[in-house]
Each structure stands twice: as C-alpha cells, then as structure tokens.
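Descriptive analysis of the structure
If you want the building blocks of each chain, they are given just below.
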Amino acid sequence: MAGASGRVVRRWYPHVLRSFLQVPALQLHVSKTAMRASQKDFESALSQVKLLKDPGNEVKLKLYALYKQATEGPCNTPKPGVFDLINKAKWDAWNALGSLPKETARQNYVDLVSGLSSSSDSSSQVKPEADRKQRGYETLVVTSEDSITKIMMNRPAKKNAITTQMYNEIMLALKAASKDDSAITVLTGNGDYYSSGNDLSNFTDIPPEGIEEKAKSSAILLRDFVDCFIDFPKPLIAAVNGPAVGISVTILGLFDTVYASSRATFHTPFSHLGQSPEGCSSYTFPKIMGPAKAAEMLIFGKKLTAAEACAQGLVSEVFPDSTFQKEVWTRLKAYSKLPPNAMRISKQVIRNREKEKLHAINAEESRVLQERWLSDECTNAVMNFLTRKAKL
Ligand SMILES: CCCCCC/C=C/C(=O)SCCNC(=O)CCNC(=O)[C@H](O)C(C)(C)COP(=O)(O)OP(=O)(O)OC[C@H]1O[C@@H](n2cnc3c(N)ncnc32)[C@H](O)[C@@H]1OP(=O)(O)O
C-alpha cells in the first residue's frame, strides 16, 4: 500500500512544482513592480479570487502558496505525512517559495489574480459566431467550443445528402478534430434531416475514363471515409436531429454514443438501390442488434423509428424533439469536462481489439460495392430517383 500511494505522489507532484516555478509571475526574484502592490491591492485580489470560476488545482496551489507566503512569510509548519496528499501538496508549494519576501509574494498574488480575471472574462464572453466557426468548409459548419468540436452537415435543402466534396470535408474535419484540444467530437445535421445518405447525383459525374473508373474511385473514397471513423481516437457522438438514411445510418455502428431526436428514423434501403451494406454495418449491425434484426434493416430496408433503434441498441438514448438540442448539449457539455486522456484511453481499449477486423470488413464491403455500382439494378434505381420529378 505504501508503495502504491508513494508512487502517485512522486509522479504528479514534480509536474505541479515545475509548472508552478515556471510561471513568470512566481519566479523567485524581485521584479520591478514587486514592491508596488499595496495591502489594499492584495485585499481586493483576495475578494476578486472568490468571484473567479474554478481555476483548477494547479492554480489553486499557487494561490495558496503565495497567500501563505504573503501573510505568514516562509513555510513554518511541519511537513505533512506522505499519505496526506492534499496537505502535503499545499505544504510543498508553500515551502518551494523559500525565503521569497512577503511583499513580492503579495505582488505575485495580485498579478496572478489579475491575469486569471482577464482570461476568465474573455472565456465567459459569448464569442461571435465568426470566431468559433472554422473556415474552409463549404458543406459543413465546424465549430469548437467548451472542449467540443461540432461537425454539422450543412446542405439542409438537400436533406444533407453527402456529396463527394462533403465526404472529403468530413474526413478533413475529423482529422483536424483528432488533433485539436477538444475532448469530444460530435457529428450532426442542419435542418430537418440528419442526412439522406449518399448524394445519388455523385453517380452522374462520370470521368472520361468511364464508369469503371468512377466505381473504382468511389470505392477508394468510401473506404477512406469509413477508415476515418474506425480510427478516430476521441469519443465520437452522433446527435441525430432527424431522419437518417444509408451511409449516415451504417456508420453509427462506429460511433461511441448515438443520441436521437424522437423525430429521427433509421433507414438503409440498399436492396432498393441495387446496392449492399457499407460502413462496417455488415459486422456492427448483427453484433449490435442480432442477425435477424440486422437483416431486416440491411437486406429488406426496414425503417426503424428512434424508439425502435434505441430498443435494438443502435441508439443510446432518445430525446423529445422539442427539447432535443437543449438536453443533448447539456449532456455533452458535462461529458466534455471529464479527463480527456482517460476518455481517449478508454476508447482505445474498447476499439483496438477490433480495429484490424473493422478495416478488413471495410475493405471487403467497398470492394463488393464497387461491383454493385456497375450493375443494372443499381444504375436503374439511381436513374429512377434522379428522374422522378421529371416524370411527375
Ligand atoms: C463515394 C460514394 C460512397 C457511397 C456509399 C454508399 C452509400 C449508400 C447510401 O447512402 S444509400 C442511401 C442513398 N439515399 C437515398 O436513397 C435517399 C434518397 N432521397 C430520398 O429518398 C428523399 O429525398 C428523402 C426521403 C430523403 C426526402 O424526401 P422529401 O422530404 O420528399 O424531400 P425531397 O425528395 O424533395 O428532397 C429535397 C431535395 O433534396 C434532394 N435529395 C435528398 N436526398 C438526396 C440524395 N440522397 N441524393 C441526392 N439528392 C437528394 C432531392 O432531390 C431534392 O432536391 P430538389 O429540391 O429536387 O433539387
């Protein structure tokens, strides 16, 4: 037991101490302004600190140490025992200030509080939309706030059908989100639909090399797209704001959590389109809901309500449509405050066991679809959709 507790202290404390000593305001020399903080400034900083939002343990330790040094001088109490973790951390922080003069400690305390107040003012301010929105996306709105990166599909007039450009932009946004400082990433849709799946007009853009080349490049795009979801390292949440079709449904099996509006439906009409399952759904769906239920969706195109999808394990929770946004974002903001490394590692432990398998399944599904796209069944179904209005 002694060994275990001792190890915890040794591993985290030097980090606290190091960062404590690196803060310029706390360095152990008398700065030009060090003698200027009056008792009044110090008292006002003491009142101000109570109004700040929680600055985190490291900063609280720094504040504690400076307060003690400013009011009592060098550390003068016995060192707490090794298992008294909190008091020992406080004692160590104070003791590390050595013989720093009381006036300097008072000034450093005032400087630190003043820095915290200005950064807390700017972080609580509602940032203008233009600042939060990441530039460079035409089919998405990508924002990062409250440790959450939100990727919103943004073709509401086309029910967020996924064009080649949107596939590419989603991949870019996921790659950027995997490296940014957000804790969690959310995919959602703008408007009444989550997404109507693959934009069927993708199939009309045939290159001079012919239809085979189109099928080949589409299979590569599909495989790369799904790979991004398999490999995404942080918790990935779908906020399914409305009906979802095709590939927007199948990839849900690769998300960590799926929240759905009560208005959402889940539909994979692959046979109707002369196509076959993708997004690793040939593996994830039978695993999630059992083979019989999966077959009804993937072979017969049965549409599920949100409640049915939840009962079958594809959806984590359903919220009434009228409160969907409010309830989901409140929940997500709470989750985004959990320790990000622990969440990442938990996801890795869950996902790594299956990663290789998922990549192999993705490759196989993409290969089969490449052939399907060249079939008469598929060509006719896509033509029927694209000419349906002309026929009316
Ligand atoms: C690189 C390739 C990878 C491929 C991966 C394989 C992926 C497979 C799939 O995703 S299969 C699923 C494909 N999706 C569909 O089959 C859905 C087709 N759309 C519909 O059935 C309907 O549009 C609807 C039920 C989604 C909505 O119906 P309704 O409410 O009546 O609205 P409209 O049909 O009038 O739609 C409005 C507007 O949007 C256009 N649109 C909607 N979905 C798509 C789509 N998937 N592809 C292309 N265009 C779509 C629709 O044509 C209307 O456009 P308009 O106003 O006429 O210009």
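Sequence positions are assigned chain by chain, starting from 1 and proceeding in written order. The predicted nature of this model means local features are confined to residues of pLDDT at least 70 and side-chain atom pairs, given and counted, to a pLDDT of 80 or more, with totals for whole chains, interfaces and linings taken over all residues. The side-chain numbers reported here are obtained from all heavy atoms of the structure, hydrogens and water having been left aside.

What to know about the overall build of the protein chain
Secondary structure counts use DSSP, requiring at least four H or I residues in a row for a helix and at least two E residues in a row for a strand, with both numbered from the N terminus. For the protein chain, the helix and strand inventory stands at 15 helices and nine strands. Counting over 392 residues, the protein chain shows a buried share of 45%. Note on contacts: a residue pair is in contact if any heavy atoms of the two residues lie within 4.5 Å. Contacts in the protein chain between residues far apart in sequence, at least 24 positions, make up 75% of those at least 6 positions apart. With residues, only the protein chains shown are counted as cover, and all accessible areas are computed by Shrake-Rupley using a 1.4 Å probe. Accessible surface computed for the protein chain: about 20,300 Å², of which carbon and sulfur atoms make up 56%. Summary of the burial criterion: residues with accessible area below 20% of their type's maximum are buried, those above 50% are exposed, and those between are partly exposed, where the area comes from a 1.4 Å probe applied to protein chains only.

Details of the nonpolar core
Throughout, nonpolar core names a set of buried Ala, Val, Leu, Ile, Met, Phe, Trp, Tyr and Cys residues whose side chains join them through atoms within 4.5 Å. By size, the foremost hydrophobic cluster in this structure holds 62 residues, and its most contacted members are F229, V240, F255 and F266. Top element by residues in this core is helix α8 (residues 211–231). It accounts for nine residues. In this structure, V240 is in contact with Y194, L252, V258, Y259, A260, S261, A264, F266 and F324, ignoring residues within four places of it in sequence.

Thoughts on the pairing of strand β2 (residues 148–153)
Within β2, five of the six residues are buried, which leaves it mostly tucked inside the rest of the structure. As paired strands, strand β1 (residues 140–145) and β2 are joined by six bridges and run antiparallel to one another. Its bridge partner lying in β2, T143 is registered against K150. Here β1 folds back onto β2, and the loop between the two strands holds two residues, one of which, D146, carries a positive phi near 50 degrees. By this definition, two strands are paired if DSSP reports at least two bridges between them.

Quick word on unusual backbone geometry
At S147, a residue that is not glycine, the phi angle is positive and equals roughly 65 degrees. Secondary-structure assignment places S147 in the loop between β1 and β2. Even without being glycine, K159 reaches a positive phi, approximately 55 degrees. Mapped onto the elements of the fold, K159 is located in the loop between β2 and α7 (164–179).

Details of the environment of I162
Summarising the element assignment, I162 is placed in the loop between β2 and α7. Under the relative-accessibility criterion, I162 is labelled buried at 3%. Each C-alpha atom, one on I162 and one on I247, is 8.9 Å from the other, the two residues being 85 residues apart in sequence. Beyond its immediate stretch of four places on either side in the chain, I162 contacts Y167, S195, G197, N198, D199, N202 and I247.

What about the pattern of salt bridges?
Put simply, a salt bridge is a Lys or Arg side-chain nitrogen that is within 4 Å of an Asp or Glu carboxyl oxygen. Following the criterion strictly, the structure yields 15 salt bridges and no others. The partner of E377 in a salt bridge is R372, and the shortest N-O contact between them spans 2.8 Å. When salt bridges with common partners are traced through the structure, they connect E364, R367 and E371 into a single cluster.

Observations regarding the side chain of T268
With respect to the secondary-structure elements, T268 resides in the loop between β7 (265–267) and α10 (281–289). Polar contacts, as used here, are pairs of N or O atoms within 3.5 Å; protein pairs need one atom able to donate a hydrogen and one able to accept it. Residues neighboring in sequence count only if both atoms are side-chain atoms. At 2.9 Å, the side chain of T268 forms a polar contact with the backbone oxygen of M297.

A few points about helix α11 (residues 291–298)
When we look at burial in α11, the residues that qualify are A294, M297 and L298. Seen along its axis, α11 keeps its buried residues to an arc of 85 degrees; they face one direction. Tucked into the core, α11 has its buried residues touching α9 (247–250), β7, α10 and β8 (304–305). Think of it as the arc spanned by the lines of direction from the helix axis to the C-beta atoms.

A word on the confidence of the model for the protein chain
Per residue, pLDDT captures the predictor's confidence, and it can take any value from 0 to 100. Summary statistics for the protein chain give a mean pLDDT of 87 and a share of 86% for residues scoring 70 or more. Considering only residues more than four positions removed or in separate chains, one finds that residues 1–34, a stretch of pLDDT under 50, has 42 contacts. Predicted confidence for residues 122–128 stays below pLDDT 50, and this span has two contacts to residues more than four positions away or in other chains. This prediction of the complex comes with two scores: 0.73 for pTM and 0.99 for ipTM.

Re the domain arrangement of the protein chain
Assigned domains within the protein chain: domain 1 (39–116) and domain 2 (140–391). Domain extents, as shown, originate in an automatic or database domain assignment. For domain 1 and domain 2, the distance between their C-alpha centroids amounts to 50 Å.

Looking at the state of the cysteines
Here, a disulfide means two cysteine sulfur atoms that sit within 2.5 Å of each other. All chains considered together, the criterion is met by zero disulfides. For the unlinked cysteine C228, the closest cysteine sulfur is that of C280, found at 12 Å. With a relative accessible area of 0%, C280 lands in the buried category.

Focus: α10
Looking at α10, one finds that the buried residues are S281, Y283, T284, F285 and M289. The positive-phi residue at the C-terminal boundary of α10 is G290, with phi of around 90 degrees.

A short note on the packing of aromatic side chains
Each Phe, Tyr or Trp ring (for Trp, its six-membered ring) is paired with any other whose centre lies within 6.5 Å, and the angle between the two planes then decides the class: stacked below 30 degrees, edge-to-face above 60, tilted in between. Applying the stated criterion across every chain yields a total of eight aromatic pairs. With a centroid separation of 5.6 Å and an interplanar angle of 35 degrees, the aromatic rings of F229 and F255 are classed as tilted. Here F229, found in helix α8, pairs with F255, found in the loop between α9 and β6 (257–261); they are 26 residues apart in sequence, far enough to count as distant. Note on accessibility: F229 and F255 belong to one class, buried. A connected cluster of aromatic rings, assembled from ring pairs, spans Y167, F225, F229 and F255.

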